[in-house]
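Okay, here's what each chain looks like letter by letter:
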Amino acid sequence: MTHDLTQARARHEDAPKGLAERAVLDPHRPRFHFTAPGGWLNDPNGLAHWDGVYHLFYQYNPLAAAHHRIHWGHATSRDLVSWTDEPVALVPGSEGPDRDGCWSGVLVDDAGTPTLVYSGRHGERELPCVATGSPDLRSWRKDPANPVIAAPPEGDLTAFRDHCVWRENGTWRHLVGSGIRGVGGTAFLYESEDLRDWRYVGPLLTGDASSGTAADLDWTGTMWECVDLFRIDGADILAFSAWDEGTTHYPLYWTGRYEGDTFTPDALHRLDYGQRYFYAPQSTRDARGRRVMFGWLQEGRDKDAIAAAGWCGVMSLPRVVTLGADGQLAQAPVPELARLRRDAVRTGAFTMADGTHVGLDDVSGDQLDIETTLRIAPGGSARLVVRESADGSERTVIEVSRAADGITGTLSLHRETSSLDPSVDSEPRYGELPLTGDGAVDLRVLIDHSALEIFANGRALAARIYPTRPDALGVGIRAAGIVAVERFDAWRMAALFDGPRPLWP
Ligand code: DQQ
C-alpha cells in the first residue's frame, strides 16, 4: 500500500493543475451538498457511524473529472451536515487485482478492526478485495490475499461487483451484485468466518430481464449494481441499481422477506423518481437507530462541459429512510440540515384561485430550502416554480397534481425550460404521489445550484439543473384548480464549501 500511495502521489504531481481552483469558480457547483474537492465523484461507499463519527467514502478520481482508475475518497462528519476531507483511503495498485480501480464497497467492524470490502478492477474484471484500517480509519492496508474471491460463480455473467456485508448468527454474509446473461440481474450470497475465506451459497434473488425493456421505469436490468439489504421497521428491503450493458438506469428496491438463503419479494418500487440522478445508493444504521442513505447525483451535462468545470458528481443530502404506512419507503433529508437554514421567510396560509400565480418576491436564490403544505382540489395541481429568471426564459417547475378521483397523485419535475443551454439534459421526471383523502401534499424542495432534491409525501426525486442566467433565482406558485397553501416556509441555506480544497488531502 505504501508503494501504491507513493506511485499515486507521483501521478498526482503530474496531474493537470487547477482542478480544485476551477471547480470553485463553477456557478453550478453545489455549496451545501458534499462534492469531491475536484475531479470525479460517483458512488457513496463504506458508509458507517463509527465511534460517533459518520464516515463517507466515495468513488473518486482526483486526477481528472472522468471515471478512470477510481480511488476511494473519504470525508467525516459529526453531524451529517459539515464534512472534513480525510486522506484518500484507497488508491489503485501499481499491480495486483485493483490496478485499474478500487470500485464500490462497504466498511464493516471486524471485532474492532475497520475493514473495507470492495471490488478490485483489473481489465474488464472485478473481484472482491479487503483492506484493514488504522483505529482512526485514516490509513488502510490492502490484504495480501486479495482478491479474496478468486472468480465469480460458474455461468455466463454480465458482471460481478459491489458488496453488501453483514454479520448474522456469528457468521459474515456477503452479497455481490451480478447478472446472469439471458436471465436477469442477481445478488450472489456468500458466507465466511473471517471475511477472507468465502463459501458460495447461491443467488439470493434473480430478476427477470425479459419482463421489460430499458424504457420501463421498473425494469430490473441485466445486472444489479450496489445491492443493499436491510431490515426496516420489520420489513426487509433489497435495494439495487438496475444496470444494462454499460448504461446505468434506476435505483429500485424490493420489499419482501429475507429468510435463510433467499429473499422472497412482495413488490418492486422505485427508490427515487430522478432515475439515474440518484444512483448507486448505500445506507447504514446510525447509532440513533436511523437508516441513513446517500446516493450519487450524476451530471446532466456533457463530457466537454464536465472537463471544463474540473469537477463532476454530487453526493445527495443524507436521507432518513423509514417504512411508510403504504408499505413503501418514505424518505426525508436528515433533520440536522436545518442547522444551515438562514433568513426564514414564512408567508402564512393563503388560498389560490384556479389559474392564479403568486410570485414570492422575498424568497429567491440558488441555495434554498422550501417547505410547504399544499391542499389541492381534485383534478387540480400546484406548480412550484424555482430558479426563474426575471424574463421567464429560464424556470424549473415542480408540479404536484391530484387526479379527479381525488386519491391518486403525481409528482413531476419539468426541466424543459430549466436552462437556455441546449446541451444539458432537460428530460422531465415524474412518479406516483401518495395522497390522503384531504389531498394534502407535504413538499420539501432543496435547491443547491445544479443539485435539486424534492421530497413529496415521502417520495423522493433528485435531479440536476443548469440555469445559465445569473438572475434565475425567482420562486413562485401557480395554481390549476383551487390550491390552499397551508404553510410556506423558506430559508436561504448557508454554504459549507467555498474555497478550493486539496485534491489529495
Ligand atoms: N460504480 C462503481 C461500481 C458500481 C458502479 C464503479 C455504480 O462498483 O457498480 O465506480 O455506479
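Thresholds applied
- Residues numbered from 1 in each chain as written.
- Predicted model: local features only at pLDDT ≥ 70, side-chain atom pairs only at ≥ 80, totals over all residues.
- Heavy atoms only, no water.
- Helix = DSSP H or I, 4+ residues; strand = E, 2+ residues; numbered from the N terminus.
- Rg over C-alpha atoms; globule rule 2.2 N^0.38 Å.
- Contact = heavy atoms within 4.5 Å.
- Phe/Tyr/Trp six-rings, centres within 6.5 Å; stacked < 30°, edge-to-face > 60°.
- Lys NZ or Arg CZ within 6 Å of the ring centre and 35° of its normal.
- Near = heavy atom within 4 Å.
- Polar contact = N/O pair within 3.5 Å; in protein donor to acceptor, adjacent residues only side chain to side chain.
- Areas by Shrake-Rupley, 256 points an atom, 1.4 Å probe, with all protein chains shown as cover.
- Pairing = 2+ DSSP bridges.
- Axes fitted to C-alpha atoms, helices over the stretch in contact; angles between N-to-C directions.
- Core = buried A, V, L, I, M, F, W, Y, C linked by side-chain atoms within 4.5 Å.
- Buried < 20%, exposed > 50% of the residue type's maximum accessible area, 1.4 Å probe, protein only.
- Domains from an automatic or database assignment.
- Salt bridge = Lys/Arg side-chain N within 4 Å of Asp/Glu carboxyl O.
- Buried area = accessible area lost by both parts, 1.4 Å probe.

Let us look at the overall build of the chain. For the chain, the count of helices and strands is 3 helices and 35 strands. The C-alpha atoms of the chain give 23 Å as radius of gyration, which agrees with the globular expectation for 505 residues (23 Å, within 12%). Each principal axis of the C-alpha atoms in the chain carries an extent, and together these give about 70 × 50 × 40 Å. Sequence separation of at least 24 residues holds for 59% of the intrachain contacts in the chain that already meet a minimum separation of 6.

A full pass over the atoms with the stated rule returns 17 aromatic pairs. Aromatic pair Phe-188 and Tyr-200: ring centres 5.7 Å apart, planes at 85 degrees, arrangement edge-to-face. One end of the pair, Phe-188, is in strand β11 (residues 184-192); the other, Tyr-200, is in strand β12 (residues 198-206), and 12 residues separate them in sequence. Here a set of aromatic residues connected by ring pairs shows up, and it is made of Phe-34, Tyr-58, Tyr-60, Trp-83, Phe-294 and Phe-497. Positioned above the aromatic ring of Trp-311 is the side chain of Arg-29, whose terminal nitrogen or guanidinium carbon lies 5.1 Å from the ring centre. A cation over a ring is seen here: Arg-161 above Trp-243, with NZ or CZ 5.1 Å from the ring centre.

Further remarks concern the site of the ligand. All residues in the neighbourhood of the ligand are listed as Asn-42, Asp-43, Gln-59, His-67, Trp-103, Ser-104, Arg-161, Asp-162, Glu-225, Tyr-279, Ala-280 and Trp-296. Within the side chain of Gln-59, an N or O atom sits 2.5 Å from an oxygen atom of the ligand. Contact distances for the ligand include 2.5 Å between an oxygen atom and a side-chain N or O atom of Asp-162. With the chains in place, 96% of the 310 Å² that the ligand exposes on its own is no longer accessible.

By the secondary structure assignment, Trp-198 is in strand β12. Residues Trp-198 and Ile-149, spaced 49 residues apart in sequence, show a C-alpha to C-alpha distance of 6.7 Å. For Trp-198, the side chain forms a polar contact with the main-chain oxygen of Leu-195, separated by 3.0 Å.

Let us now look at the sheet that holds strand β14 (residues 235-244). Spatially, the 4 strands line up as an open sheet ordered β13-β14-β15-β16, and their pairing is antiparallel. Edge positions in the sheet fall to β13 (223-232) and β16 (262-270), since each of these pairs with one other strand and no more. Ignoring strand direction, the axes of neighbouring strands in this sheet form an average angle of 30 degrees. In this structure, strand β15 (residues 247-259) lies alongside β16, joined through 8 bridges in antiparallel fashion. Each residue of the ladder has a partner; that of Arg-257, found in β16, is Thr-264.

It is worth spelling out the nonpolar core at this point. Ranked by size, the top nonpolar core spans 46 residues in total, and within it Phe-34, Trp-83 and Phe-294 carry the most contacts. If you list the elements that add at least two residues to this core, you get α2 (19-25), β1 (39-50), β2 (53-61), β13, β17 (279-285) and β18 (291-297). Top contributing element to this core by residue count: β2, with 4 residues. In terms of domain composition, this core takes at least three residues from each of domain 1 (2-333) and domain 2 (341-492). The residues touching Phe-294, leaving out its near neighbours within four places in the chain, are Pro-44, Leu-47, Leu-56, Leu-80, Trp-83, Phe-278, Pro-281, Gln-282, Met-315, Ser-316, Leu-317 and Pro-318.

Turning our eyes to something else, we now look at the pattern of salt bridges. The final tally for this structure, using the stated rule, is 44 salt bridges. Across the pair Arg-31 and Asp-498 runs a salt bridge, and its minimum N-O distance is 3.8 Å. Taken together, the positions of Arg-31 in the loop between α2 and β1 and Asp-498 in the segment after β35 (483-493) put the pair 467 residues apart, joining distant regions of the chain. For Arg-31, a relative accessible area of 13% gives the class buried. Taking the shortest distance from any N to any O, the salt bridge between Glu-486 and Arg-375 comes out at 2.5 Å.

For the rest of this paragraph, the subject is the environment of Thr-132. Mapped onto the fold, Thr-132 is located in strand β7 (residues 125-133). Sequence separation between Thr-132 and Val-117 is 15 residues; the distance between their C-alpha atoms is 9.0 Å. Sequence-distant contacts of Thr-132, defined by excluding residues within four places in its chain, comprise Thr-113, Pro-114, Thr-115, Ser-139, Trp-140, Arg-141 and Arg-196.

If you check the domain split of the chain, you get domain 1 (2-333) and domain 2 (341-492). Once you take the C-alpha centre of each, domain 1 and domain 2 turn out to be 31 Å apart. Listed per partner, the contact involves 35 residues of domain 1 and 31 residues of domain 2. A combined buried area of about 2600 Å² lies between domain 1 and domain 2, and 52% of that area is made up of carbon and sulfur atoms. Among the residues of domain 1 in contact with domain 2, His-28, Tyr-273 and Tyr-277 are the three that bury the most area, contributing 28% of the side total. Across the domain 1-domain 2 interface, the total number found is 4 salt bridges. Note that Arg-319 is salt-bridged to Glu-453, the shortest N-O span being 3.0 Å.

Looking now at the side chain of Arg-459. Tracing the backbone through its elements, the reader meets Arg-459 in strand β33 (residues 459-464). Accessibility expressed as a relative area gives 5% for Arg-459, which makes it buried. A polar atom in the side chain of Arg-459 sits 3.3 Å from the side chain of Glu-432. What Arg-459 contacts, discounting residues up to four positions off in sequence, is Tyr-273, Asp-326, Gln-328, Leu-329, Glu-432, Pro-434 and Ile-454.

To continue, consider the sheet that holds strand β27 (residues 381-388). The strand order across the open sheet built from 6 strands is β25-β34-β27-β28-β29-β30, with neighbouring strands paired in antiparallel fashion. With partners counted over all chains shown, the strands left at the sheet margins are β25 (357-364) and β30 (429-434), one partner each. Averaged over all pairs of adjacent strands, the angle between strand axes in this sheet comes to 15 degrees, irrespective of strand direction. Bridge count for β27 against strand β34 (residues 474-480) is 6 bridges, and the pairing is antiparallel. Paired with Ser-381 across the bridge in β34 is Ala-480.

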